[in-house]
Amino acid sequence: MTTHTTAPVSTPRPAARPAGRRSRRSALRGRGAQGWLYAMPTAVFVGLFFIVPILLVVQMSVSDWPLLAGNRGPNFPENFQDVVANKYFWPSIVFTLKYTVIATVLLLGLGLGMALLVQESTRWKGFLRTAFLVPSALGLASASLLFYALYSPQSGPISPFLEKLGLVDEPISFLGTPTAALWSTVFLIVWRFAGFYMLLLLVGLQNIPGEVYEAARIDGAKPFQIFRSITLPLLRPSLMLCTIMCVTGSLLAFDQFYILTKGGPDNSTITVVQLIYNMAFQGQNDLGRAAALSILVLLALIVINALQFRGMRQTDEK
Amino acid sequence: MLARRGQRQRGGRRHGRDSPEGVDDGTQLTLWTRAPMEKQATLLVDAYNASHENQVSLTITPNDDYVAKVGAAAGSSSLPDLFAADIVYVPNWTSQGLFTDITDRIDGLPYADELAQGHIDAGTYEDQEYVLPFVLDLSVMFYNKDLYREAGLDPEKPPTTLKEYGEHAKAISALGKDGVSGTYFGGNCGGCTLFTWFPSVWAGGDQVLSADGTESLLASDTAKDVYAVYKDMVDSGAIGNGTKDETGATWTGPFQEGKVGVMPYPATLLSTAAETVDVGVAPIPGPDGGESTFVGGDGIGISKDSKNEAAAWNFLSWLTSEDAQVEVLAKNNDVVSRADLADNKYAAVDPRLVTINEVAAKGSTPVAINFQQAFNAPDSPWLTLVRGAVFGDAKSIDADNDEITAVLDQ
């Protein structure tokens, strides 16, 4: 009812308006102001929750800023020198890169495989999709705690189960050696995220028109040829999106290692973000150094993402 | 409810102005502590709230997140009125000015000289006192009497030397019972190992730190003997599954499940462990005898940001009173922080508490400004030393000890 009565009022009536030019200019100005108004909430939020914190981190990174005492004046470039001189700086970078490569390859490979499986399978489609996706509903910290319990040498069920089956003779120490700790964490991440990447790639797969496949089949292409020459190229945008998300996510890995290994055993699984946390809250209690490392990580991420986007654009142009 | 109100009328005298007991005028106070002290903190706060006009609201934070939480609050000047701190962090926190100076108030207590000296010393910075003992946590040897009987050991004869501890652990391990081990410790946890191993060094007559807390003395012959006993237990398989990986989250769990024969343990958990296990208690011995303990736990002070200093002091003065120490802490099997109350009616009932209270006087609290970074942090040089000394070839102890000194001396 109300919409019917208000609608005619808002329609412009040229006859009722005073002298043309000024009204148009004020209308333009009005529209500009309106545009600003629309953009304002986002601008305020970005400014308040993104720009301001980053500026604060930049200020911290050039200041002597102990956790408990607050700002004690400038300390540049000592903070950055101290960060690079930290004995876990290079090991943490090497470990983070290694972890990123492993996680990205496994997640994208398995995600794609699962997406194809769900796509092709007609009978089990619903069941498979749900089964793959359910772990994604669990928070990463909760999932890490779950695996902490599963891996626990005292109470975890996996090791006794394998022993009963006769697959292993001794209790398995899932987090006891550097290699075991890395792969145990990778397993958790694959379990938690493969379903998520499957979903993203599934959307990409469904966007490939059926006619292309039909045409290929009429031309007598074999399944592998179809996959290599049609599915992969047409899936590239989705694959690139997944790669960027996966690489960025893995470079910033923290929760899983913080809960499962705390950087151990023997400081072998310290990621860069964990090193930031250690500098800020675990002993050194130095927010200045932690902020300096954060800035370095931020710069590295910007460069890596820029390279990835450029790669994506180039392939698009081809 | 009625009883509660009655108590409050009896106990809650109104103080209009500041007095030696502080002010009890219905102020709302806030108190922070970390999860390991949850039981004692809850009991104390409930008892205080029931008998006073002031009301304390308690916030408990997981152990690993506590420093971050306090740090964030300190930076934004939003610390609570009262907050507790792991006693080994107290020297650092007082030097950073997080607490209010309460020297005169502490000295005004008639029993000031009876308060746990280790905690008072840790809370003293440049001759000013900032901190009172909140909850004392001592490390003592716990042993499972049932497993001792099964292994043919005398359940009334706990180990009197560290080497004997090793023999007992091996004997229980030799039972071959499923899931049962001779001993257990936090092999990947700096805080657990310092809490349970330092006493053996002290009992052996050596120190762990120089008096000013800038030099590590953990490569002494006594210290090496201590590591050797633990290494021997590791090599002979007397340790429980997962000892090497134990980051401290569950290091007290297996004993409570009755799966560990004998191990150094926090005394605050006696009542909890006694629910499921027939627990025997003994002092932690040195390699060849002697006894000592780590006087740990939390100190508590009034924060720099508190606007209710007089009311907050009312809680602290009550905390050290006989009402709180005996009727709350001792009654619940906890250690009192006043020497003159160690011999109280509750402690006398349980010989284990007598043992704990007696050894408290022989213990120490190490004081160093950079303690957390040198010992408790997951990437601390102490943890490197521990793991090298008992899981590795024990050849890097001297070098690792130098690393600890390097951190302490920054």
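Position numbers for residues start from 1 in each chain and track the written sequence from start to end. Here every chain gets a letter starting at A, and every ligand a number starting at 1, in the order they are written. Side-chain atom pairs in this predicted model are given and counted only at pLDDT of 80 or more, local residue features only at pLDDT of at least 70, and totals for whole chains, interfaces and linings cover all residues.

**A short note on the overall build of chain B**
The number of helices and strands found in chain B is 19 helices and eleven strands. A compact globule built from 410 residues would reach a C-alpha radius of gyration of about 22 Å, and chain B, at 21 Å, matches this within 12%. Comment: burial labels come from other C-beta atoms within 10 Å of the residue's own C-beta, placed from the backbone, where a count of 20 or more is buried, 12 or fewer is exposed, and between is partly exposed. Taking all 410 residues of chain B together, the buried fraction comes to 57%. The long-range fraction of contacts in chain B, counting pairs at least 24 apart against all pairs at least 6 apart in sequence, stands at 75%. Labels follow the DSSP assignment, with helices taken as runs of H or I lasting at least four residues and strands as runs of E lasting at least two, numbered in each case from the N terminus. Based on C-alpha atoms, the radius of gyration is set beside the globule rule, defined as 2.2 Å times the residue count to the power 0.38. Here the contact rule is simple: place C-beta atoms from the backbone, and any two residues whose C-beta atoms are within 7 Å are in contact.

**Topic: the overall build of chain A**
Summing up its helical and strand segments, chain A has 13 helices and zero strands in all. Order of helices (α) and strands (β) in chain A, N terminus to C terminus: α-α-α-α-α-α-α-α-α-α-α-α-α. The 318 residues of chain A split such that 29% are buried. Of all intrachain contacts in chain A linking residues separated by at least 6 positions in sequence, the fraction that spans at least 24 positions is 70%.

**As for the interface of chain A and chain B**
Counting residues at the interface gives 26 residues for chain A, matched by 26 residues for chain B. Only Asp, Glu, Lys and Arg are considered charged in this grouping, and only Ala, Val, Leu, Ile, Met, Phe, Trp, Tyr, Cys and Pro are considered nonpolar; every other residue, Gly among them, is considered polar. For the side of chain A that touches chain B, the class distribution of residues is eleven nonpolar, 13 polar and two charged.

**A look at the domain arrangement of chain B**
Residue and element names in this part refer to chain B. Boundaries between domains were set according to an automatic or database domain assignment. Under the domain assignment used here, chain B contains domain 1 (24-137 + 296-360) and domain 2 (139-294 + 368-408). Once you take the C-alpha centre of each, domain 1 and domain 2 turn out to be 27 Å apart. Counting residues at the interface gives 18 residues for domain 1, matched by 17 residues for domain 2. Residue assignment for the side of domain 1 that touches domain 2 shows that the elements contributing at least two residues are α4 (90-95), β6 (132-144) and α16 (351-360). Broken down by element, the residue count for the side of domain 1 that touches domain 2 peaks at five residues, all from α16. A per-class count over the side of domain 1 that touches domain 2 returns eight nonpolar, seven polar and three charged.

**Here we look at the nonpolar core**
Counting 177 residues, the largest nonpolar core has Met-198 of chain A together with Phe-83, Leu-138, Val-140, Phe-142, Phe-315 and Ile-356 of chain B as the members making the most contacts within it. When we break this core down by domain, the ones giving at least three residues each are domain 1 (24-137 + 296-360) and domain 2 (139-294 + 368-408) of chain B. In this structure Leu-138 of chain B touches Ala-267, Thr-293, Phe-294, Val-295, Val-335, Ile-356, Val-359, Ala-360 and Gly-363 of chain B, once residues within four positions along its chain are discounted. Here, a nonpolar core means buried Ala, Val, Leu, Ile, Met, Phe, Trp, Tyr and Cys residues linked by C-beta atoms lying within 7 Å of one another.

**Structural notes on helix α8 (residues 178-206) of chain A**
Helices are assigned an expected span. That span is 1.5 Å times one less than the residue count. For α8 of chain A, built from 29 residues, the straight-helix expectation of 42 Å at 1.5 Å per residue is met to within 8% by its first-to-last C-alpha distance of 41 Å. Along α8 of chain A, the helix axis deviates most sharply at Phe-193 of chain A, where the bend reaches about 40°. Bend is the name given here to the angle between axes fitted to two runs of seven residues, the run ending at a residue and the run starting at it.

**Considerations on the confidence of the model for chain A**
When the pLDDT values of chain A are averaged, the result is 86; 90% of them are 70 or greater. Taken as a whole, residues 1-17 of chain A scores under 50 in pLDDT and shows one contact with residues more than four places along the chain or in a different chain. The predictor attaches a confidence to each residue, and that confidence, scored 0 to 100, is pLDDT.

**As for unusual backbone geometry**
The linkage connecting Phe-76 of chain A with the following residue, Pro-77 of chain A, adopts the cis geometry, with an omega of 0°. With respect to the helices and strands, Pro-77 of chain A occurs in the loop between α2 (20-61) and α3 (78-85). You will see that Lys-262 of chain A, though not glycine, has its phi angle at about 55°, which is positive. Looking at where Lys-262 of chain A falls in the secondary structure, it is placed in the loop between α11 (255-260) and α12 (272-281). Taking the number of C-beta atoms within 10 Å as the measure of exposure, Lys-262 of chain A has 24 and is therefore buried. The backbone phi angle of Asn-333 of chain B is positive, close to 65°, even though this residue is not glycine. For Asn-333 of chain B, the position within the fold is in the loop between α14 (322-329) and α15 (345-349).

**Quick word on the environment of Gln-308 of chain A**
Residues and elements named next belong to chain A. Looking at where Gln-308 falls in the secondary structure, it is placed in helix α13 (residues 287-317). Measuring from C-alpha to C-alpha, the distance between Gln-308 and Pro-157 comes to 42 Å, with 151 residues separating the pair along the chain. Once you skip the residues sitting within four places of it in the chain, Gln-308 turns out to touch Thr-243 and Ile-244.

**Quick notes on the packing of helix α2 (residues 38-51) of chain B against α14 of chain B**
Packed helix pairs are characterised by how far apart their axes lie and by the angle those axes make with each other. Residue and element names in this part refer to chain B. In contact at an axis separation of 10 Å, α2 and α14 are set at 125° when each is read in the N-to-C sense. If you check the angle between α2 and α14, you find them oblique. The two elements α2 and α14 meet at a crossing, and its hand is right-handed. Where α2 abuts α14, its residues Gln-40, Leu-43, Leu-44 and Ala-47 lie against Ala-324, Val-328 and Leu-329. Tallied by class, residues from the contact of α2 with α14 come to six nonpolar, one polar and no charged. Angular values range over 0 to 180 degrees, each being the angle between N-to-C directions of two axes fitted as lines to C-alpha atoms, with helices fitted over their stretch in contact. Angular relationships are summarised with four words: roughly parallel below 35 degrees, roughly antiparallel beyond 145, roughly perpendicular across 65 to 115, and oblique for the angles in between. Two helices cross in a left-handed way if the nearer one is turned anticlockwise from the farther one by less than a right angle. They cross in a right-handed way if the turn is clockwise.

**Focus: the confidence of the model for chain B**
Residue and element names in this part refer to chain B. Chain-level pLDDT for chain B is 91 on average; 96% of the residues reach the 70-or-more range. When pLDDT is averaged over each helix and strand of chain B, the minimum, 39, is found for helix α1 (residues 2-11) and the maximum, 97, for strand β9 (residues 284-286). Here residues 1-16 scores under 50 on pLDDT; set against residues more than four positions off or in separate chains, the count is 19 contacts.

**Concerning the environment of Gln-207 of chain B**
Residue and element names in this part refer to chain B. Examined against the element boundaries, Gln-207 turns out to sit in the loop between α9 (190-203) and α10 (221-235). Classification of Gln-207 as partly exposed rests on a count of 18 C-beta atoms within 10 Å. In this structure the C-alpha to C-alpha distance between Gln-207 and Ser-220, which are 13 residues apart in sequence, comes to 8.7 Å.

**Section: the packing of α8 of chain A against helix α10 (residues 223-251) of chain A**
Residue and element names in this part refer to chain A. One can describe the packing of α8 onto α10 by two numbers: an axis separation of 8 Å at closest approach and a directional angle of 160°. The angle between α8 and α10 places the two elements in the roughly antiparallel class. In this structure, α8 meets α10 at a crossing whose hand is right-handed. Between α8, through Tyr-197, Leu-200, Leu-201, Val-203, Gly-204 and Leu-205, and α10, the contact on the second element is made entirely by Leu-235, Pro-237, Ser-238, Leu-241, Cys-242 and Cys-246. Across the contact of α8 with α10, the residue classes tally to ten nonpolar, two polar and no charged.

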